[in-house]
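Chain by chain, the residues run as shown.
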Amino acid sequence: MSEGQVQTAFTKRVFSGIQPSGGLTLGNYLGAMKRFAGMQGQGFETIYCMVDLHAITVWQDPENLRRATRELCAGYIASGLNPEDSILFNQSQVPEHTQLAWIFNCVARMGWMQRMTQWKDKAGKNQQNASLGLFAYPALMAADILVYHATHVPVGEDQKQHVELTRDIAAKFNHDFGVDFFPMTEPVIEGTATRVMSLRDGSKKMSKSDPSDMSRINMTDNADAIASKIRKARTDPDALPSEAKGLEDRPEARNLVNIFAALSDTPVDAVLKDVGGKQFSEFKPMLSELAVEKLAPISSEMARLMEAPDEIDAILARGAERARSIAEPVVKRTYEIVGMVR
Ligand code: TYM
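Everything numeric here is computed off the predicted structure, so don't read it as measured data.

How each quantity is defined
- The written sequence of each chain sets the order in which its residues are numbered from 1.
- Only residues with pLDDT of at least 70 are given local features in this predicted model, and only at 80 or more are side-chain atom pairs given and counted; all residues enter the totals for whole chains, interfaces and linings.
- Working from all heavy atoms in the structure, the side-chain values ignore hydrogens and water.
- Throughout this description, the term salt bridge denotes a Lys or Arg side-chain nitrogen within 4 Å of a carboxyl oxygen of Asp or Glu.
- Helix numbers and strand numbers start at the N terminus; a helix is a DSSP run of H or I with at least 4 residues, a strand a run of E with at least 2.
- Relative accessible area decides the class of each residue, using a 1.4 Å probe on protein chains only: under 20% of the type maximum gives buried, over 50% gives exposed, and in between gives partly exposed.
- For this purpose, a residue is taken to be near a molecule or strand whenever a single non-hydrogen atom of the residue falls within 4 Å of it.
- For this analysis, a polar contact is any N or O atom pair within 3.5 Å, provided that within protein one partner can donate a hydrogen and the other can accept it, and provided that sequence-adjacent residues contribute only side-chain to side-chain pairs.
- Here the open area of atoms and residues is found with the Shrake-Rupley method and a 1.4 Å probe, where only the protein chains shown may cover a residue.
- Given the number of residues in a helix, its expected span is that number minus one, multiplied by 1.5 Å.
- One axis is fitted to the seven residues ending at the residue and one to the seven starting there. The bend at that residue is the angle between these axes.
- Axis definition: a line fit to C-alpha positions, over the contact stretch in the case of helices; interaxial angles, taken between N-to-C directions, run 0 to 180 degrees.
- Should an angle lie under 35 degrees it is considered roughly parallel, over 145 roughly antiparallel, and from 65 to 115 roughly perpendicular; all remaining angles are considered oblique.
- For any pair of crossing helices, the crossing counts as left-handed if the nearer helix is rotated counterclockwise from the farther one by less than a right angle, and right-handed if it is rotated clockwise.
- In this analysis, two residues are considered to be in contact whenever any of their non-hydrogen atoms come within 4.5 Å of each other.
- Charged means Asp, Glu, Lys or Arg here, nonpolar means Ala, Val, Leu, Ile, Met, Phe, Trp, Tyr, Cys or Pro, and polar covers whatever is left, Gly included.

(A) Highlighting the pattern of salt bridges. Scanning the model with the defined rule gives 21 salt bridges in all. Taking the shortest distance from any N to any O, the salt bridge between Lys34 and Asp265 comes out at 2.5 Å. Taken together, the residues Lys34 in helix 1 (residues 26–39) and Asp265 in the loop between helix 10 (251–264) and helix 11 (268–275) connect sequence positions 231 residues apart. Across the pair Asp176 and Lys172 runs a salt bridge whose closest N-O atoms are separated by 3.0 Å. Here Asp176 pairs with Lys172, and both are found in helix 8 (residues 160–177), just four residues apart, close to one helical turn. The class for Asp176 is partly exposed, based on a relative accessible area of 43%.

(B) How the structure looks around the site of the ligand. Around the ligand sit 26 residues in total, of which Gln19, Tyr137, Asp144, Asp158 and Val196 are the nearest. Separating an oxygen atom of the ligand from a side-chain N or O atom of Gln19 is a distance of 2.7 Å. Between the ligand and the protein, one listed contact pairs an oxygen atom with a side-chain N or O atom of Tyr137 at 2.6 Å. In the complex, the protein chains occlude 97% of the 710 Å² of accessible area that the ligand would expose alone.

(C) Region of interest: helix 12 (residues 280–306). Spanning 27 residues, helix 12 covers 37 Å between terminal C-alpha atoms, matching the ideal 39 Å at 1.5 Å per step. The largest bend in helix 12 is about 30 degrees, located at Leu295, with the proline Pro297 one to four residues further on.

(D) Structural detail: the packing of helix 4 (residues 96–107) against helix 13 (residues 309–338). Packing of helix 4 against helix 13 leaves a shortest axis separation of 9 Å and a crossing angle of 25 degrees. Taken together, the axes of helix 4 and helix 13 are roughly parallel relative to one another. The crossing of helix 4 and helix 13 is left-handed. Taken together, the residues of helix 13 that come into contact with helix 4 (itself represented by Glu96, Gln99, Leu100 and Ile103) are Arg324, Ala327, Glu328, Val331, Thr334, Tyr335 and Val338. Broken down by class, the residue content of the contact of helix 4 with helix 13 amounts to six nonpolar, two polar and three charged.

This is the structure we're talking about:
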C-alpha cells in the first residue's frame, strides 16, 4: 500500500493507551486523556487501554502496578470517558495483544527498533542491561493498535515515531503476505498541548521520571502545590506578546500559554489577545486559578472512584470482554494468513 492511497474498508476506530506506571502528569492529561474524551461520540468506536504489559518493560513493584492500573482507569473516567461509550480495559486481560506482538516481532527489523528515540532515551548508555521487552516495546504497541484495526491513534508528540513504525509493520506484513489486511493507522496529534514541557526547563518534556517534582504538575497535586509550582515556573523577564509569533524563541512562555490555551479550550491567538502585554506576575495567578478549577474536580473524582476498587475491576473485566470480541477474529485471521495450522 503506497503512501497517500486511501483505505476505505476499515471502521473508523480509535485506540490509545497509557502506561500505568504511577504519577499521571498534566502532560498525560492534556496530551492524551482530555483528547481521548474529546474523541468519544464523534463517529468513532473508541478503545482505551491501560498498557500494563508495556509498564513492566522496566521494573514495577507488583502492588504499585495494580494500584496504578486502577488509578489510571479512575483517571480515564474522571477525565470524561464513559465505560459504556468507550471500551476501557487493561492490556494483560486481552491475550490477543501478545499473540499478535509475537507475529510482529518476526515482521519488524532490528534496525527499525534501534532507531527509536524512546529506546535510546530509556536504555541510555546501558543497552546491554535493558530488558528485551523494552527493545521490542514498539512491536507490542503496533499489536495494540492493529489487533483492533484501529484507524486513528491520539497521542502526544513523543509517540509519533512509534505510530509511524506501526504503519511500517502493517505495510511490511501486507506486502510480505500479499494482503490488504492491516490499515495504515493515522497518528492524531492535534491541539496546543501535544508536547507539554517541564516547568523548570522549556526544552524538556514534562515527565513523571524527571527527578524534580517542581518540573511537573501531577494529577494528584492539591491547589497549593499547583499554585506554588506555577508561581515558581521558569519564565523570561519580558511581558507576554499579543500574537503567537512573539512566542518563538521563548519556550517557557510558549509552554505556559499553550497550557492555558489547552485548559481553557481557547486558541493560542485568542489567549494572547487577552493577556498580551501582561507580566508573568499577573498571568501566573490566572493560570493557577484555571488549572485548579479544571484539575481539582478530576483529582477528587479519581479519589472517589478509588474507594471502590471492585467497581473499577468490574469495568476493566467487562471492557476486556468487549475488546476480545474485536481482537480474537483479527488474530485468528492473522494466523491463517501466516500459515499456522489451526
Ligand atoms: P505514555 O504512558 O508515556 O504516555 C501516555 C500518553 O501521554 C502523552 N504524553 C504527553 N503529551 C504531551 N505532553 C507531555 N509532556 C506528555 N507526556 C506524555 C503521550 O504522548 C501518550 O499519548 N507507548 C505509549 C503507550 C502505548 C500506546 C499504545 C499509545 C502503548 N500502546 C498504543 C497509543 C497506542 C506510552 O508509553 O505512553
